[in-house]
Amino acid sequence: MAANAIKIKDTKADKIFVGFVYLFLALALIIVLYPLVYIVSASISEPQFVNSGEMWLLPKGFTFEGYKTIFQNENIWRGYRNTIFYTALGTTINLAVTLPAAYALSRVDFYGKKLFMNFMLLTMFISGGLIPSYLLIKNLGMIDTIWALVIPNAASVYNIVVTRTFFQSSIPREMEEAAIVDGCSDFKMFIKIILPLSMPIIAVMGLFYGIGHWNSYFNALIYISNKSMYPLQMVLREILVLQDLSSNSTATNVSASTAEMLYSKQQLVQVIKYGVMIVSTLPVIVVYPFLQRYFVKGVMIGSLKG
């Protein structure tokens, strides 16, 4: 039958449309890729070529001086260690709160679930604000502790809704009823049956929460003053902002050799900027291609059923 299938020929209008589609996709690809290629090239180019604009796409004057300066800073390594720890601990807490809450809200026999859901949805539109949040964290004694970074964002209402949708649409109610008939308690059913069947949504939520923790800096900026506890994003912010300030506060009456040294350092700062962008995003860029399907699945789960 396949051999006898009639091939439909594209009309001239179809070919023109397809041509415009390819042209649009090519332009979109260039727009997306150019900043990435430029950042990588600038991070390994000589500072004078970057600052003068001579380097506009490919590396010019190949050098790793910027990366050498970055990785000689022990605060970078401390920030990496802190961020990995905060991400692992925070994601674990997020999943421990989100999964049971979503499963409870997905149960048809849970009395008052609409009331709880409405209260939770209300928090998506109304917030106490920064000052009340800071006072609460302070009164709880969590200032300058890791708990200030992982407890305030222990759960996302949006992620709870997405996870609840997965439980409602993917876990057969008949399976739960059969487990209850066999004498399985709710807790044991959740641990032994529901969670093993929910690995896709667990992976999705783990990725969502994990990337949120990896990129987070605002809570650390507000609640953490001890620099030894700074996550990577705060360390990189300090490198960029403080070096900019130091480069702009150059004294006017300096010798020629000192001025040349300061100018060279100021040029190097521009290359370091691009280097720290790569350093902070490289782990996510490396991991993302292997886990992309989970992101797509997470978006689809949230769009199937409210």
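Parameters and conventions
- Residues numbered from 1 in each chain as written.
- Predicted model: local features only at pLDDT ≥ 70, side-chain atom pairs only at ≥ 80, totals over all residues.
- Heavy atoms only, no water.
- Helix = DSSP H or I, 4+ residues; strand = E, 2+ residues; numbered from the N terminus.
- Buried < 20%, exposed > 50% of the residue type's maximum accessible area, 1.4 Å probe, protein only.
- Contact = heavy atoms within 4.5 Å.
- Expected span 1.5 Å × (residues − 1).
- Arc of directions from axis to C-beta.
- UniProt positions renumbered as here; feature names shortened; annotations may be inferred.
- Axes fitted to C-alpha atoms, helices over the stretch in contact; angles between N-to-C directions.
- Parallel < 35°, antiparallel > 145°, perpendicular 65-115°, else oblique.
- Nonpolar A, V, L, I, M, F, W, Y, C, P; charged D, E, K, R; others polar.
- Core = buried A, V, L, I, M, F, W, Y, C linked by side-chain atoms within 4.5 Å.
- Domains from an automatic or database assignment.

1. With respect to the overall build of the chain
Here is step 1 of the chain: Scanning the chain for helices and strands turns up 14 helices and zero strands.
Here is step 2 of the chain: Along the chain direction, N to C, the helices and strands of the chain fall in the order α-α-α-α-α-α-α-α-α-α-α-α-α-α.
Here is step 3 of the chain: Relative to its 306 residues, the chain shows a buried fraction of 32%.
Here is step 4 of the chain: Within the chain, contacts between residues separated by at least 24 positions form 74% of all contacts whose residues are at least 6 apart in sequence.

2. Brief notes about helix H10 (residues 186–197)
Here is step 1 of the chain: With 12 residues, H10 should reach 16 Å at 1.5 Å per residue; the first-to-last C-alpha distance of 15 Å fits that figure.
Here is step 2 of the chain: All of the buried residues in H10 are Met189, Phe190, Ile194 and Leu195. On an axial view of H10, the arc spanned by its buried residues comes to 150°, and they lie on one face.
Here is step 3 of the chain: The inward-facing, buried residues of H10 contact helix H4 (74–106), helix H8 (157–170), helix H9 (173–181) and helix H11 (199–215).

3. Digging into the UniProt feature "transmembrane region" (unreviewed entry) in the chain
Here is step 1 of the chain: Annotation from UniProt places "transmembrane region" (unreviewed entry) at residues 16–40, 84–103, 115–134, 146–167, 193–211 and 271–291.
Here is step 2 of the chain: Overall, residues 84–103 shows 100% helix and 0% strand. The separation of its end C-alpha atoms is 28 Å.
Here is step 3 of the chain: Structurally, residues 193–211 is divided into 95% helix and 0% strand, and its ends, taken at the C-alpha atoms, are 28 Å apart.

4. Concerning the packing of H8 against H11
Here is step 1 of the chain: Between H8 and H11, the least distance of the axes is 10 Å, while the angle of their chain directions is 170°. Between H8 and H11, the interaxial angle falls into the category roughly antiparallel. Of H11, the residues touching H8 (which contributes Asn159, Val162, Thr163 and Phe166) are Ile201, Met205, Phe208 and Tyr209.
Here is step 2 of the chain: In terms of residue class, the contact of H8 with H11 is made up of six nonpolar, two polar and no charged.

5. What about unusual backbone geometry?
Leaving glycine aside, a negative phi is the common case for residues, and trans is the common case for peptide bonds.
Here is step 1 of the chain: A positive phi angle is found at aspartate 144, which is not glycine, with a value near 60°.
Here is step 2 of the chain: Following the sequence through the fold, aspartate 144 ends up in the loop between helix H6 (130–139) and helix H7 (147–150).

6. Observations regarding the nonpolar core
Here is step 1 of the chain: Among the nonpolar cores identified, the biggest contains 32 residues, and Val50, Ile76 and Ile239 are the most heavily contacted of them.
Here is step 2 of the chain: For this core, the secondary-structure elements that each account for two or more residues are helix H1 (12–43), helix H3 (65–71), H4, H7, helix H13 (232–248) and helix H14 (256–304).
Here is step 3 of the chain: Ranked by residues supplied to this core, first place goes to H14 with seven residues.
Here is step 4 of the chain: Counting only domains with at least three residues in this core, you end up with domain 1 (24–62) and domain 2 (78–245 + 263–304).

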